[in-house]
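Each chain is listed here by its residues.
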Amino acid sequence: VIDGTEQKALFITGKSHCDRSADDCGGGGLSQYRVVQYLCQSEYAEYGGSAKFFFRGIRLFWADVFETDDAAAADQTEDSAEAAGTESSAASGDTVTIGFAQVGHESDWRTASTDSCLSVFSADNGYDLQFVDCDNDSAVQLEAVRGFIEQDVDYIIIDPIVSTGWDTVLTECEEAGIPVIVIDRTIDDSDKYVSWVGSNFKTEGLAAGEWLKAYTGAKGISDVNVLVIEGSTGASATIGRTDGFKEIADANGWNILDSQTGDFTQAGGQEVMESYIKSYEGKFNVVVCQNDNEAFGAMDAMKAAGISYGVDGDVILVSFDACTAGLEYVMSGDINADFECNPLAAPFVEEVIKQLQAGETPEKEVYMTEHWFVNEDVLSTINVNGEDQDLTVVTKEIVDAQY
Ligand code: GZL
């Protein structure tokens, strides 16, 4: 009961659990998002208005029921403000509403990326962040973006699960007048977004290859037989790291025995490594994992099979991301080298939004800074794309300061 009036709230909690059968809501693996969309067209539509997503547990409130009067009033204020030619609520420095369609929750890197956005785009900082964890499902991600358009947010942030299939929905964002900022992974079939903030994945792959070339040279290892555990299929991070590393492998005559996706997860890394051991035991001396969580899984599989890895092992282990846990394994010598991918894009995204608010034109591409971490000081630099780049030996201070 609010102000003496009984109100109704509809909670949809858990994963695809709700009080309606899948058939009612259009079938298929339900996500809360589809349920919301269904309910907006169902008998609940009389409540109209916006739905609020709350991160973790993904509780869903029919915020309009609590805010109907406020929402209606805000709309009138908005209309009268625009009619009077004054700024809209977003431009006037009032709460800026942002819709963020995140890849999922598959890795330590992803958690750091999400937390970076939650802490920067907080209510205390003047934002209303509507967050959707798309659980690595591209269909859900497209629906989430369309939902943000429906809700008429001020800005949309997308970390694209895959790099294609985006032009139609980005055109819809453009027609709705909602600026889109892409973070981390790239969109390769449309440029209808204001800025992209992220990393050069091919450079990360090249750096891993150049390090392995220098390292095996320094160690007198001439026969290089590699197993690659790739990231999620279709993700630009996977494509870039694979292409970059393969360019160096081909140039040096290395033998890439196999390259399969572990989907950027620890379980995926373990499963693929177990399969590799069955097929290639005794034939490989390098394992390249395209993120730390896959490396953790590969380590478990090799340990279970009695295969030694790392600085003192038979197998050189290379990883990407350089999350805190990954750097701990570099420091212990379990992982030989870890190529950082910086997840802390939110401060750079906020800078883009502030430039837009001020009527300025942000850079189309904003690259994050990253480091190449190693256990041993056998080498101090590697040459990547013709440029000498430092290698950083991991210390406890570095681990403690990592994301
Ligand atoms: C890379 C990012 C990748 C990380 C993985 O920028 O998209 O996705 O390397 C994450 O840890 O799952």
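Residues numbered from 1 in each chain as written. Predicted model: local features only at pLDDT ≥ 70, side-chain atom pairs only at ≥ 80, totals over all residues. Heavy atoms only, no water.

**With respect to the pattern of salt bridges**
Part 1 of the reasoning: Using the criterion set out here, one finds 14 salt bridges in the structure.
Part 2 of the reasoning: Salt-bridge contacts for Arg110 lead to Glu106; the nearest nitrogen and oxygen are separated by 2.8 Å.
Part 3 of the reasoning: For Arg110, the salt bridge identified is with Asp159, shortest N-O distance 2.7 Å. Taken together, the positions of Arg110 in helix 3 (residues 108-120) and Asp159 in the loop between strand 5 (155-158) and helix 5 (167-176) put the pair 49 residues apart, joining distant regions of the chain.
Part 4 of the reasoning: Judged by its relative accessible area of 2%, Arg110 falls in the buried class.
Part 5 of the reasoning: According to the relative accessible area criterion, Asp159 is buried, its value standing at 0%.
Part 6 of the reasoning: Taken together, the shared-partner salt bridges connect Glu106, Arg110, Asp159, Asp184 and Arg185 into one network. (Salt bridge = Lys/Arg side-chain N within 4 Å of Asp/Glu carboxyl O. Helix = DSSP H or I, 4+ residues; strand = E, 2+ residues; numbered from the N terminus. Buried < 20%, exposed > 50% of the residue type's maximum accessible area, 1.4 Å probe, protein only.)

**Overview of empty space enclosed by the protein**
Part 1 of the reasoning: Summed over all chains, the structure comprises two cavities of 30 Å³ or more.
Part 2 of the reasoning: Here the largest cavity is characterised by a volume of approximately 90 Å³.
Part 3 of the reasoning: What lines the largest cavity is a set of 13 residues, among which Trp109, Arg110, Arg185, Phe264 and Asp321 lie closest to the centre.
Part 4 of the reasoning: Among the secondary structure elements, those contributing two or more residues to the lining of the largest cavity are helix 3 and helix 7 (236-251).
Part 5 of the reasoning: Taken as a whole, the second largest cavity spans an internal volume of roughly 40 Å³.
Part 6 of the reasoning: What lines the second largest cavity is simply Trp211, Tyr215, Asn336, Val374, Asn375, Glu376, Val378, Leu379 and Leu391. (1 Å grid on protein atoms, 1.4 Å probe; cavity = no way out; pocket = protein on both sides within 12 Å on 5 of 7 lines; lining within 4 Å. Points joined across faces, edges and corners; volume = space filled by probe spheres on them.)

**Some words on the nonpolar core**
Part 1 of the reasoning: Counting residues in hydrophobic clusters, the biggest one holds 37 residues, and the most contacted among them are Met273, Phe284, Val287, Met302 and Leu317.
Part 2 of the reasoning: Contributing elements (two or more residues each) for this core: helix 3, strand 8 (225-230), helix 8 (266-280), strand 10 (286-289), helix 9 (292-304) and helix 10 (324-332).
Part 3 of the reasoning: Setting aside chain neighbours within four positions, we find Leu317 in contact with Val287, Cys289, Met299, Met302, Tyr309, Gly310, Asp334, Ile335, Asn336 and Ala337. (Core = buried A, V, L, I, M, F, W, Y, C linked by side-chain atoms within 4.5 Å. Contact = heavy atoms within 4.5 Å.)

**Section: unusual backbone geometry**
Glycine aside, the phi torsion of most residues is negative, and most peptide linkages are trans.
Part 1 of the reasoning: Although it is not a glycine, Asp152 sits at a positive phi angle of roughly 55 degrees.
Part 2 of the reasoning: Inspection of the secondary structure assignment puts Asp152 in the loop between helix 4 (138-150) and strand 5.
Part 3 of the reasoning: Unlike most non-glycine residues, Asp263 shows phi in positive territory, near 60 degrees.
Part 4 of the reasoning: Note on Asp263: relative accessible area 33%, which makes it partly exposed.

**Some details on the sheet that holds strand 5**
Part 1 of the reasoning: Spatial ordering of the open sheet is given by 4-3-5-6-7-13, a layout of six strands whose pairing is parallel. What marks the edges here is a single partner per strand, and that holds for strand 4 (127-133) and strand 13 (365-367). Strand after strand, the sheet turns through a mean of 20 degrees between neighbouring axes, direction not considered.
Part 2 of the reasoning: As paired elements, strand 3 (residues 96-102) and strand 5 share four bridges and run parallel to each other. Counted as the bridge partner of Ile98 is Tyr155 from strand 5. (Pairing = 2+ DSSP bridges. Axes fitted to C-alpha atoms, helices over the stretch in contact; angles between N-to-C directions.)

**Thoughts on the side chain of Gln141**
Part 1 of the reasoning: Along the polypeptide, Gln141 turns up in helix 4.
Part 2 of the reasoning: At 2.7 Å, the side chain of Gln141 and the backbone oxygen of Asp159 are in polar contact. (Polar contact = N/O pair within 3.5 Å; in protein donor to acceptor, adjacent residues only side chain to side chain.)

**Focus: the packing of aromatic side chains**
Part 1 of the reasoning: Inspection of the entire model under this criterion finds 10 aromatic pairs.
Part 2 of the reasoning: Seen from their ring centres, Phe100 and Phe131 are 5.5 Å apart, and the 70 degrees between their planes marks the pair as edge-to-face. Taken together, the residues span a long stretch of sequence, with Phe100 in strand 3 and Phe131 in strand 4 at a distance of 31 residues. Note on accessibility: Phe100 and Phe131 belong to one class, buried.
Part 3 of the reasoning: Here Phe339 and Trp372 contribute two aromatic rings whose centre-to-centre distance is 5.6 Å and whose plane-to-plane angle is 50 degrees, an arrangement assigned as tilted. Taken together, the positions of Phe339 in strand 12 (residues 337-340) and Trp372 in strand 14 (residues 372-374) put the pair 33 residues apart, joining distant regions of the chain. An identical accessibility class is assigned to Phe339 and Trp372; each is buried.
Part 4 of the reasoning: Three or more aromatic residues joined by ring pairs form one cluster here, namely Trp211, Tyr215, Phe320, Phe339 and Trp372. (Phe/Tyr/Trp six-rings, centres within 6.5 Å; stacked < 30°, edge-to-face > 60°.)

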